[in-house]
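Examining the three-dimensional arrangement
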Amino acid sequence: MLFIPMSQLKSGMKLANDVLVFEHANVRLLKRGMVLSQNFIDRLHRFDVSGVYVKDELTGDIIPSQPIMSKRLKTNTLNNLEWVFKRSTEKDSKKGTKKYIQHLDDTVIKLIDLVKENESKLVNINDLKAYDEYTYHHSLSVAVIAIGIGMQLGISQDELHRLGFAAIMHDIGKMEIPIEIINKPAKLTTEEFEIIKKHPVYGGEYLALNDVNDQGIYDGVVHHHEMVNGTGYPNNLPDREIPFFSKIISVADVYDALTSHRPYRDPLLPTHVAEYMMGNCGIAFDMDIVKAFLNKIEFFPVGSFVEFNNEKKAVVINNENPLHPLVRLIEPPFSTLDLFNDPSTYSMVITKLFEEFPVADLKMASG
């Protein structure tokens, strides 16, 4: 089956799954096997459905990776993050802020439960990527990644909770930084970078102001830009003095930042970022944490599309080897390629990753 976003739905496509709405009630809007008409597509639009799974001849046997969060939980969390972040500089909003901070803390517990429910699976966060409202999506993604790493490392439930909260709040101090510096579409000057480097300290001050008096959470926020060779900020801490939460959040933060769209650059491929992080173990990152990260994150979700350096395109059908997945070409000869074990594929380098692919290039199943 194949996930098709609303923008690419066409009449004649056949539903591979029931379309459910109202998260808790599970009301069936359309039934599996129905052929879409324009009226049905219009109905999906009215219920704000993001997309549906359809049958097609090429990927009919593929069960795509599922996103970590439901649409409702994601929307509510992003709204809470926006409220907290936008009011973080208002000194008279402490009472209201506490309520929303509690909402975020509750969300962290839900995220832990979601990751634990799928403990045997890799974490797929690609549905949290966005061109707009980057700060909120980034904070949520970093929390999910950090929880996944923490779980891989076997830390306790209480530590996962505190780690997740530190991660979701790690960039709160950026609200004190002028927006023109945060969104500058060019390299920062030395003076601008010195201003940016203050945001972890501002984040710690925010936590103290709002009575978040947990040392581990505070350290996770204040020191998430420290580097194990002692050249990070704000305190140039050596490896042995960098708090555990900070080391985990650092890995999650860098990975999500480099694989996300920004005003001044396109996202880097997950594999390129993973290689960068492996190459910087002992310099920027803790090796054990990077190893845990590599074993938990889904770099190429099943059902996503890739393009190679020879311009051939394929769909990911298995990612047991996270950096070298099993793929199926979506053009003649429609063969399956094992990018890890087949020497004939070693010259093929993935150059692009797509969550969506032009529907016109796929032959839809009928009947």
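Residues numbered from 1 in each chain as written. Predicted model: local features only at pLDDT ≥ 70, side-chain atom pairs only at ≥ 80, totals over all residues. Heavy atoms only, no water.

Taken as a whole, this structure holds 8 aromatic pairs when the rule is applied. Seen from their ring centres, Phe193 and Tyr233 are 5.9 Å apart, and the 85 degrees between their planes marks the pair as edge-to-face. Linking Phe193 in helix α7 (residues 190-196) with Tyr233 in the loop between α9 (215-222) and α10 (244-258), this pair joins segments that are 40 residues apart in sequence. With relative accessibility at 37%, the residue Phe193 sits in the partly exposed group. On the basis of an interplanar angle of 80 degrees and a centroid distance of 5.8 Å, the ring pair of Phe293 and Phe299 is categorised as edge-to-face. For Phe293, a relative accessible area of 0% translates into the label buried. One aromatic cluster is present, formed by Tyr255, Phe293 and Phe299 through successive ring pairs. (Phe/Tyr/Trp six-rings, centres within 6.5 Å; stacked < 30°, edge-to-face > 60°. Helix = DSSP H or I, 4+ residues; strand = E, 2+ residues; numbered from the N terminus. Buried < 20%, exposed > 50% of the residue type's maximum accessible area, 1.4 Å probe, protein only.)

Here the focus is the pairing of strand β5 (residues 305-308). What you see with β5 is no split at all: Phe305 and Glu307 on one side and Val306 and Phe308 on the other are buried throughout. Where β5 meets strand β6 (residues 313-318), 3 bridges bridge the pair, whose relative direction is antiparallel. Considered in β6, the bridge of Glu307 is made with Lys313. Remark: 4 residues form the turn of the hairpin made by β5 and β6, two consecutive strands paired antiparallel; Glu311 in that turn has positive phi of roughly 75 degrees. As judged from the 4 bridges shared by β5 and strand β9 (residues 350-354), these two strands associate in the antiparallel manner. When the bridges of β9 are listed, Val306 appears paired with Leu353. (Pairing = 2+ DSSP bridges.)

A few words on the environment of Asn318. One can find Asn318 in strand β6. Look at Asn318 and you get partly exposed, because its relative accessible area is 27%. As for Asn318 and Arg328, which are separated by 10 residues in sequence, their C-alpha atoms are 9.5 Å apart. For Asn318, the residues in contact, after removing those within four places along its chain, are Val302, Pro325 and Leu326. Only 2.9 Å separates the side chain of Asn318 from the backbone nitrogen of Glu320, close enough to count as a polar contact. (Contact = heavy atoms within 4.5 Å. Polar contact = N/O pair within 3.5 Å; in protein donor to acceptor, adjacent residues only side chain to side chain.)

What follows concerns unusual backbone geometry. Note that the residue after Tyr233, namely Pro234, is joined by a cis bond; omega there is 15 degrees. Of note, Pro234 is situated in the loop between α9 and α10. With an omega dihedral of 15 degrees, the bond running from Pro332 to Pro333 counts as a cis peptide bond. With respect to the helices, strands and loops of the structure, Pro333 is situated in the loop between β7 (326-329) and β8 (336-338). Of note, the phi angle at Asp211 is positive, near 60 degrees, even though the residue is not glycine. Phi is positive for Glu311, which is not a glycine, with a value near 75 degrees. Tracing the backbone through its elements, the reader meets Glu311 in the loop between β5 and β6.

What follows is about the packing of helix α2 (residues 71-86) against helix α4 (residues 134-152). Taken N-terminus to C-terminus, the directions of α2 and α4 make an angle of 115 degrees; their axes are 9 Å apart at the nearest point. When you trace α2 past α4, the crossing you get is right-handed. Residues Lys74, Thr77, Leu78, Leu81, Glu82, Phe85 and Lys86 of α2 touch α4, and the partners they reach there are Thr135, Tyr136, His137, Ser139 and Leu140. In terms of residue class, the contact of α2 with α4 is made up of 5 nonpolar, 4 polar and 3 charged. (Axes fitted to C-alpha atoms, helices over the stretch in contact; angles between N-to-C directions. Left-handed = near helix turned anticlockwise from the far one by under 90°. Nonpolar A, V, L, I, M, F, W, Y, C, P; charged D, E, K, R; others polar.)

Right, let's talk about the pattern of salt bridges for a bit. Taken as a whole and assessed by the stated rule, the structure comprises 10 salt bridges. The salt bridge partner of Lys98 is Asp211, with a shortest N-O separation of 2.9 Å. Here Asp211 lies in the loop between α8 (199-209) and α9 and Lys98 lies in helix α3 (residues 94-117), a separation of 113 residues in the sequence. Taking relative accessible area as the criterion, Lys98 reaches 39% and is therefore assigned partly exposed. Judged by its relative accessible area of 38%, Asp211 is partly exposed. One salt-bridge network, held together by shared partners, links Asp158, Arg162 and Asp214. (Salt bridge = Lys/Arg side-chain N within 4 Å of Asp/Glu carboxyl O.)

It is worth spelling out the nonpolar core at this point. Residues Val84, Ile168 and Phe293 are the most contacted members of the largest nonpolar core, which totals 74 residues. Per element, the largest residue contribution to this core is 10 residues, and it comes from α4. For Ile168, the residues in contact, after removing those within four places along its chain, are Thr77, Leu81, Phe85, Leu104, Val108, Ser139, Leu140 and Ala143. Of all hydrophobic cores here, the second largest spans 14 residues; its members include Met13, Val19, Leu36 and Val49. (Core = buried A, V, L, I, M, F, W, Y, C linked by side-chain atoms within 4.5 Å.)

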